[in-house]
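Letter by letter, the chains look like this.
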Amino acid sequence: MSTTTETNRSEVAEFLSQSPLKAFVGGKRVAAADGSTFTTRDPGTGLPLAEVSAMGAADIDQAVKVADKAYRTTGWPQMSPHERGVLLHRLADAVEQHKPILAEIEARDAGKILAQAEGDVQNFVDTVRYFVELSLQVPSRVPLAVSGHEAATVRHSWGPCGFIFPWNFPVLLIGWNIAPALAAGNTVVIKPAEDTPLSALYIAQLAQRAGIPDGVINVVTGYGETAGAALASHPGLKRMSFTGSPEIGRLVAEACGRNLTPVKLELGGKGAAVVFDDVDVDATADALTGAITFHTGQVCCDATRWLVHKSIYDRFVDSCVQKLNDVNVGYQLDSTTQMGPVVSAKQRDRVLGYLERAESEGTEHVLTGGAASIPGRDGFYVKPALLAGSLDSSAAREEIFGPVAYLASFDDERQAVEMVNDTDYGLANSVWSADMDRANRVAEQMVAGNSWINAHNVFPHGVPYAGINKSGMGGGVNSIETYLDYTRPLSVVRPL
Ligand code: NAD
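Residues numbered from 1 in each chain as written. Predicted model: local features only at pLDDT ≥ 70, side-chain atom pairs only at ≥ 80, totals over all residues. Heavy atoms only, no water.

(A) Structural detail: the pattern of salt bridges. Applying the stated criterion across every chain, the model contains 19 salt bridges. A salt bridge links D93 to R129; the shortest N-O distance between them is 2.5 Å. Separated by 36 residues along the polypeptide, D93 in helix α3 (residues 81-97) and R129 in helix α5 (residues 114-137) bring together distant segments of the chain. Owing to a relative accessible area of 31%, D93 belongs among the partly exposed residues under this scheme. Across the pair E266 and K264 runs a salt bridge, and its minimum N-O distance is 3.8 Å. K264 shares its class with E266; the two are buried. (Salt bridge = Lys/Arg side-chain N within 4 Å of Asp/Glu carboxyl O. Helix = DSSP H or I, 4+ residues; strand = E, 2+ residues; numbered from the N terminus. Buried < 20%, exposed > 50% of the residue type's maximum accessible area, 1.4 Å probe, protein only.)

Below, the structure is given as structure tokens:
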């Protein structure tokens, strides 16, 4: 099988030249028992980047057993948070030192423009450091003031934990999810998406070099319906974390339910932005068009319903159209590119399918969008699109996961809140206004995990990020709650 190794960095070429790339289990590179592989492609060219092992159920079983053995034998859970912190800081250091390499691997595999990939790698580093610091501060034994008893809550780690990831933010989501689990003393089995397996494998190598004991971090590669399903249904896992679509999230939750494995689901979204009439119209249009084109709109918490006060609707729409027409769509590694490809032909067809369906449902195409062609690059490119019309249309209600926003106008605050909350999802919304009393009032009435004011896609460490309803369940990421999720509380009581 021929693979493309055209690259700017020799280290990236060297990594890709190891194709077929094997899974990483117990500190060793492991092929699928039946030798199967799958191809991961560069979305900007459509060409193969590497062959990667396609693990089956027996391989996944082995990986979970290795993670369990590492939990019992390496001393990882018994280490003090300081001792684990030393090794996790070394991992953060190694990832930071290799940022240009890892960012290029991520950019090529996920179709992400380089600056965004670099930001994601830095976010991984910052997240690991945040959870190390947190683990030093959270006491593992808390005395409880209970009359007539001596009582305490003691916190332990759980054991081997499973993680299934989507393709849109591979490095960043690995950091957000495994950092709290590792800092608390658990071992992990990671299943990256089949479209983007490369960065997880590279991180696993760096973790080994940083001195994390073998078997503490394992990466199993493969298809969702085989490797993913085998991991989700494995009875040896103590916790499961799934990030992806609501459809697959349901299957994962069902599988975990059969084993009574606690599961956390971080799912899709159909976020709204409410734009009041006292905003700087151009600046707000700039922020929202920036958000919808960021990673080509493949962002779960994006604002994809733009609800605009009727008195500024026309001006706002004109400004957005002008800005989106100016967006430079191109190959993700070209320095002038502002918006790269979507991740796959399947994802491009999904976006184009929604645009076609919108037309057949009578939706207004304010900005047509559609397929984009980039000279010399046979990748998966689309142009930004703006739709408007009935909020009952499929494009207004369903997650498209591309650079497409749906516009509607509102009369007053009460109607705006009703429109925001008229959705099956509940991930993140934003409100835009110069009146902070109004902005806070509206933000606090939104039925979702996150409300942002005069900003969209904001994730400071320490602020819980989670979805409700069709957007997820079981907690969130990026905060002390997540860290506590990865500790098992034990109450110890003695009557006096
Ligand atoms: P997906 O649900 O198709 O796949 C996600 C992962 O599940 C992949 O690793 C896949 O291999 C695996 N999988 C597929 N079938 C499986 C099965 N039967 N059992 C177990 N695992 C299986 O999602 P996607 O297309 O990769 O990602 C896009 C979705 O992810 C969007 O809905 C997006 O909103 C969501 N997302 C949510 C968040 C969040 O934090 N809430 C973050 C990023 C992405």
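Having put the structure on the table, let's press on.
(B) Local environment of the site of the ligand. With respect to spatial proximity, 29 residues lie near the ligand, and among them F165, E194, S245, L267 and E399 are the closest. Between the ligand and G244 there is a distance of 3.4 Å, counted from an oxygen atom to a backbone nitrogen or oxygen. Every element with two or more residues in the shell around the ligand is listed here: α8 (224-232), β10 (239-243) and α9 (246-259). Here the shell around the ligand is built from residues that sort into 17 nonpolar, seven polar and five charged. (Near = heavy atom within 4 Å. Polar contact = N/O pair within 3.5 Å; in protein donor to acceptor, adjacent residues only side chain to side chain. Nonpolar A, V, L, I, M, F, W, Y, C, P; charged D, E, K, R; others polar.)

(C) Looking closely at the sheet that holds strand β14 (residues 364-367). Here we have seven strands laid out as an open sheet, ordered β14-β17-β18-β13-β12-β19-β20, and mixed in their pairing. Edge positions in the open sheet fall to β14 and β20 (450-453), since each of these has one partner strand only. In this sheet, adjacent strand axes meet at a mean angle of 25 degrees when their direction is disregarded. Bridge analysis of strand β19 (residues 428-432) against β20 gives four bridges, and the strand direction is parallel. Considered in β20, the bridge of V431 is made with I453. Against the sheet, helix α15 (residues 436-445) contacts β19 and β20, and its axis sits at roughly 165 degrees relative to β20. (Pairing = 2+ DSSP bridges. Axes fitted to C-alpha atoms, helices over the stretch in contact; angles between N-to-C directions. Contact = heavy atoms within 4.5 Å.)

(D) Focus on helix α6 (residues 170-183). End to end, α6 covers 20 Å across 14 residues, agreeing with the expected 20 Å (1.5 Å per residue, within 8%). Considering bend angle alone, the principal kink of α6 is centred on N177 and spans about 30 degrees; proline P180 follows within four residues of it. Positive phi appears at G185, one or two residues downstream of α6, with a value of about 105 degrees. (Expected span 1.5 Å × (residues − 1). Bend = angle between axes of the 7 residues up to and from the residue.)

(E) Quick look at a nonpolar patch on the surface. Residues V142, L144 and V146 make up a contiguous nonpolar surface patch of roughly 200 Å² in combined accessible area. In this structure, L144 sits in strand β5 (residues 141-144). On the basis of relative accessible area, L144 is assigned to the partly exposed category, the value being 36%. (Patch = residues over 30% accessible without salt bridge, like charges linked within 9 Å, V, L, I, M, F, W, Y side chains within 5 Å. Areas by Shrake-Rupley, 256 points an atom, 1.4 Å probe, with all protein chains shown as cover.)

(F) View of the pairing of strand β17 (residues 385-388). A two-sided burial pattern is seen for β17, the buried positions comprising A385 and L387 on one face and L386 and A388 on the other. Relative to β17, β14 runs antiparallel, the two being bridged by three bridges. Directly across from L367, in β17, lies its bridge partner L386. Taken together, the four bridges between β17 and strand β18 (residues 404-410) define a ladder with parallel strand orientation. Bridged to L386 within β18 is A405.

(G) View of the environment of V317. Within the secondary structure, V317 is located in helix α11 (residues 313-325). Each C-alpha atom, one on V317 and one on A285, is 8.0 Å from the other, the two residues being 32 residues apart in sequence. Residues in contact with V317, not counting those within four places in the same chain, are V366 and L407.

(H) Quick look at the side chain of N218. The residue N218 is located in strand β9 (residues 217-219) in this model. Separated by 2.8 Å, the side chain of N218 and the backbone nitrogen of G26 make a polar contact. Once residues lying within four places of it in the same chain are set aside, the contact partners of N218 are F24, V25, G26, V66, A67, V188, V189 and I190.

(I) Region of interest: the environment of I174. With respect to the helices and strands, I174 occurs in helix α6. Since its relative accessible area comes to 2%, I174 is described here as buried. Considering only alpha carbons, one finds I174 and F163, eleven residues apart in sequence, at a separation of 8.3 Å. Among residues more than four places away in sequence, those in contact with I174 are F124, F165, A179, I190 and A200.

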